Amino acid sequence: MADGRELLYFDDSEPWLSGAAVRDAVDHRPLPPADEVVRGGSQVRLDPLTGDWIAMASHRNDRTLMPPPDEDPLAPTLPGRFPTEIADSSYDVVVFENRFPSFSTRIGGEFGHVDGEDVFPTRPATGRCEVICFTPEPSGSFAQLSPHRARTVVEAWVDRTEALAKVDGVEQVFCFENRGAEIGVTLPHPHGQIYGYPFVTPRTATMLRRAAEHREATGRNLFRDVLDAERRSGARVVLETEHWTAYVPAAARWPVEVHLAPHRDVPDLPALDDAERADLVVAYLDVLQRLDRYYPDDHPLPYIAGWHQAPVHTGRDEFRLHLQVFSVLRGPGKVKYLAGSESAMAAWVNDTTPERVAARLREVSQ
């Protein structure tokens, strides 16, 4: 890209797939070097009361916010039109370094302490943040992708998980999608993100701690026991395929929440075999399409969908890959705001029951 960031095309159509044509579009935008944009602009600080690392990324405050349709930065660049992040005039799936990353290998700095106080450790926000565009179309959703294109996205997730896991300093890779204004999406173009964190995230650390306690008490894998229990009950199972089960977790926090887990014990997306990846496309598209039919007013469900994968260096024998997709919409036009109990105390209150949510998702199956 014009500022030195990396861009990768994942092609599944001709003439690109066979190599009959070569992508040689050039990004001519007058952008400042990416190294200058992020250098010194992001730092990670430890919260001494929780042990959580918090990223301070002041340069992100200037990121693009809901541009007009003719200035979609994730669209292909057409002759005589607004130059976008993708210089070529067409693409299938594309991944590129985020222009406003929370974590980057370009960020400098040293380990240290806020105000020189030992109780406030700091470290450089080293890592990687990428954007993945699912389609060149400016609108739509993942649920509307063809199975062929959705499989390309899966392969891109696999490729980037493997690549980011090799980046020096990255401890965990997270592939996710935010959809809908209620979630806080700043670009309506169908896309997701991929983070390479310089630490194991708090949620993952908690799950690994709980898994270790379960192993010590029972000798079994916690993630396996949860999946087996959900399948035995069936009360919250939304769908089952040959290799995957989707279910509403028994202690769901969100108004609408579904987990999608493989039947085989695997730590991350790259560990899935070809049959599991093909079946994932079927199961995931089915789940997302049901979510879009969940409310009767034809309002597409806003959601966050994220892949929970084992950290790069720790807990790989204990962690199991699974997807979590959830929505803040507790009813048509009603957003669940994280108010006092959730935000201040992390004590969650759900406005429905997992069994009712699962029954509704089974009901809206085509």
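Note that the structure is predicted; figures quoted are calculated from it, not measured.

1. Quick look at the overall build of the protein
Tallying secondary structure elements over the protein gives 7 helices and 16 strands in all. For a compact globule of 366 residues, the expected C-alpha radius of gyration is about 21 Å, and the protein comes in at 21 Å, within 12% of that figure. Considering only C-alpha atoms, the protein reaches an extent of 60 × 55 × 40 Å along its principal axes. Counting over 366 residues, the protein shows a buried share of 49%. Relative to all contacts within the protein whose residues are 6 or more apart in sequence, the contacts with residues 24 or more apart total 67%. Carbon and sulfur atoms make up 52% of the accessible area of the protein, which amounts to about 17,200 Å² in all. Of the side chains in the protein, 39 bear a positive and 56 a negative charge, and the two mean positions are spaced by 5 Å.

2. Considerations on the environment of Thr161
Inspection of the secondary structure assignment puts Thr161 in helix H2 (residues 147–165). Take Thr161: its relative accessible area is 5%, and that puts it in the buried class. Sequence separation between Thr161 and Gln309 is 148 residues; the distance between their C-alpha atoms is 9.3 Å. Setting aside residues up to four positions removed in sequence, Thr161 forms contacts with Val173, Cys175, Leu269, Pro270 and Gln309. For Thr161, the side chain forms a polar contact with the side chain of Gln309, separated by 3.3 Å.

3. Some details on the sheet that holds strand E9 (residues 191–197)
Read across the sheet, 10 strands follow the order E1-E4-E7-E9-E8-E13-E14-E12-E11-E10 without closing on themselves; strand pairing throughout is antiparallel. Of all the strands in the sheet, the pair left with one neighbour each is strand E1 (7–10) and strand E10 (237–240). Going from strand to strand, the sheet's axes swing by 20 degrees on average, the running direction of each strand aside. Across the face of the sheet, helix H4 (residues 222–233) comes into contact with E10, strand E11 (244–247), strand E12 (256–262) and strand E14 (322–327) while running at roughly 75 degrees to E11.

4. Some details on the nonpolar core
One recurring pattern in soluble globular proteins: nonpolar side chains tend to sit buried together. Counting residues in each nonpolar core, the largest one holds 54 residues, and the members touching the most others are Ile132, Phe142, Trp157, Tyr284, Leu291 and Trp307. Ranked by residues supplied to this core, first place goes to helix H5 (residues 274–292) with 8 residues. Contact partners of Ile132, with chain neighbours within four places excluded, come to Val93, Val94, Val95, Val153, Ala156, Trp157, His191, Gly192, Gln193 and Ile194. Listed in part, the 11 residues of the second largest apolar core include Val38, Ile107, Cys129 and Phe176.

5. Thoughts on the sheet that holds strand E6 (residues 121–124)
A sheet is described by the order of its strands in space; here 4 strands give the open sequence E3-E2-E6-E5, paired in antiparallel fashion. The open sheet has two free edges, formed respectively by strand E3 (53–57) and strand E5 (112–113), since each of these has just one partner strand. Two strands pair when backbone bridges link them, and E5 and E6 are joined in this way by 2 bridges, in the antiparallel orientation. Opposite His113, over in E6, you have Pro121 as the bridge partner.

6. Here we look at the pairing of strand E8 (residues 172–179)
Burial of E8 is extensive: 7 of the 8 residues sit out of reach of the surface. Summarising the sheet, E8 and E9 pair through 5 bridges and their orientation is antiparallel. Bridging from a neighbouring strand, Gln172 pairs with Tyr197 of E9.

7. Some words on the pattern of salt bridges
All told, the structure shown has 34 salt bridges when counted by the stated rule. With its nearest N and O atoms 2.8 Å apart, the salt bridge here joins Arg29 to Asp27. The salt bridge partner of Lys336 is Asp351, with a shortest N-O separation of 3.8 Å. In this pair, Lys336 is assigned in the loop between strand E16 (334–335) and helix H6 (340–345) and Asp351 in the loop between H6 and helix H7 (354–363), connecting sequence segments 15 residues apart. Its relative accessible area of 7% is what places Lys336 among the buried residues. The network of salt bridges with shared partners includes Glu6, Asp35, Glu97, Arg106, Arg128, Glu130, Asp159 and Arg160.

8. Examining the side chain of Arg224
Looking at the element boundaries, Arg224 is found in helix H4. Reaching out from Arg224, the side chain makes a polar contact with the side chain of Asp265 at a distance of 3.0 Å. Dropping the residues within four chain positions of it, Arg224 is found in contact with His263, Arg264, Asp265 and Arg320.

9. Some details on the packing of aromatic side chains
Taken as a whole, this structure holds 18 aromatic pairs when the rule is applied. Look at Trp244 and Trp307: their rings are 6.1 Å apart centre to centre, the planes differ by 70 degrees, and that puts the pair in the edge-to-face class. Of this pair, Trp244 sits in strand E11 while Trp307 sits in strand E13 (residues 303–308); the two residues are 63 residues apart in sequence, bridging distant segments of the chain. Ring-pair connections join several aromatic residues into one group, and the members of that group are Phe103, Phe174, Phe176, Tyr195, Tyr197 and Phe199. Over the ring of Trp16 we find Arg23; its NZ or CZ atom is 4.1 Å from the centre of that ring.

10. What to know about H7
Of all the positions in H7, only Pro354, Val357, Ala358 and Leu361 are classed as buried. For H7, the angular spread of the buried residues around the axis is 95 degrees, confining them to a single face. Summarising the geometry of H7, the exposed residues directed more than 90 degrees from the buried face are Arg356 and Glu363. Those residues of H7 that are buried lie in contact with E10, E12 and H5.

11. Observations regarding the environment of Asn178
Counting through the fold element by element, Asn178 comes out in strand E8. What makes Asn178 partly exposed here is its relative accessible area of 25%.

Calculation criteria
Residues numbered from 1 in each chain as written. Predicted model: local features only at pLDDT ≥ 70, side-chain atom pairs only at ≥ 80, totals over all residues. Heavy atoms only, no water. Helix = DSSP H or I, 4+ residues; strand = E, 2+ residues; numbered from the N terminus. Rg over C-alpha atoms; globule rule 2.2 N^0.38 Å. Buried < 20%, exposed > 50% of the residue type's maximum accessible area, 1.4 Å probe, protein only. Contact = heavy atoms within 4.5 Å. Areas by Shrake-Rupley, 256 points an atom, 1.4 Å probe, with all protein chains shown as cover. Lys, Arg positive; Asp, Glu negative; His and termini not counted. Charge placed at Lys NZ, Arg CZ, Asp CG, Glu CD. Polar contact = N/O pair within 3.5 Å; in protein donor to acceptor, adjacent residues only side chain to side chain. Pairing = 2+ DSSP bridges. Axes fitted to C-alpha atoms, helices over the stretch in contact; angles between N-to-C directions. Core = buried A, V, L, I, M, F, W, Y, C linked by side-chain atoms within 4.5 Å. Salt bridge = Lys/Arg side-chain N within 4 Å of Asp/Glu carboxyl O. Phe/Tyr/Trp six-rings, centres within 6.5 Å; stacked < 30°, edge-to-face > 60°. Lys NZ or Arg CZ within 6 Å of the ring centre and 35° of its normal. Arc of directions from axis to C-beta.

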